[in-house]
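Observations on the three-dimensional arrangement
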Amino acid sequence: MQPDKPPPLPPRWKRAAGRHYCWTYPEKRSSPDVYVVGSAEGWEIQYWVAGPANWIRVCVPPSPDPPFELAEALYYAAQ
C-alpha cells in the first residue's frame, strides 16, 4: 500500500469528497442514511431517524480514522 493512499472503506461506505463519507442501509432507501464529515475540530456524524427530528448530529473528537463503527452503531440504536 502506498503511504498517501487511504485504507479501503468498510462495506457500504462511500467517499463523497475529501473527508466526507456516506453510508446507505440497502433495504431502506436509495439516499444515504449516515454521513461522517471530518474537519480540524473532529468528526461530525449525521444519521437519519424516523420522526420529528429526522437528522441527528453527533460530534466526535479528532482522530486519524473516521468513526465508521460508531456511526453505524448510532444509526442502528436509533431505529
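Residues numbered from 1 in each chain as written. Predicted model: local features only at pLDDT ≥ 70, side-chain atom pairs only at ≥ 80, totals over all residues. Heavy atoms only, no water.

Things to note about the nonpolar core
Of all hydrophobic cores here, the largest spans 13 residues; its most connected members are Trp-13, Tyr-21, Val-34, Val-36, Ile-45, Tyr-47 and Ala-71. Among the elements of the structure, strand E2 (20-23), strand E3 (34-39), strand E4 (42-48) and helix H1 (68-78) are those that each provide at least two residues to this core. Setting aside residues no more than four positions away along its own chain, Val-36 makes contact with Trp-13, Arg-19, His-20, Tyr-21, Trp-43, Glu-44, Ile-45, Pro-66, Pro-67 and Ala-71. (Core = buried A, V, L, I, M, F, W, Y, C linked by side-chain atoms within 4.5 Å. Buried < 20%, exposed > 50% of the residue type's maximum accessible area, 1.4 Å probe, protein only. Helix = DSSP H or I, 4+ residues; strand = E, 2+ residues; numbered from the N terminus. Contact = heavy atoms within 4.5 Å.)

Side note on the sheet that holds strand E1 (residues 13-17)
To summarise the sheet geometry, strands pair through backbone hydrogen bonds and adopt either a parallel or an antiparallel arrangement. Spatial ordering of the open sheet is given by E1-E2-E3-E4-E5, a layout of five strands whose pairing is antiparallel. Every interior strand has two partners, whereas the edge strands, E1 and strand E5 (55-60), have only one. In this sheet, adjacent strand axes meet at a mean angle of 20 degrees when their direction is disregarded. As judged from the four bridges shared by E2 and E3, these two strands associate in the antiparallel manner. Note that in E3 the partner of Trp-23 across the bridge is Val-34. Together, E1, E2, E3, E4 and E5 form the strand contacts of H1, whose direction differs from that of E4 by roughly 30 degrees. (Pairing = 2+ DSSP bridges. Axes fitted to C-alpha atoms, helices over the stretch in contact; angles between N-to-C directions.)

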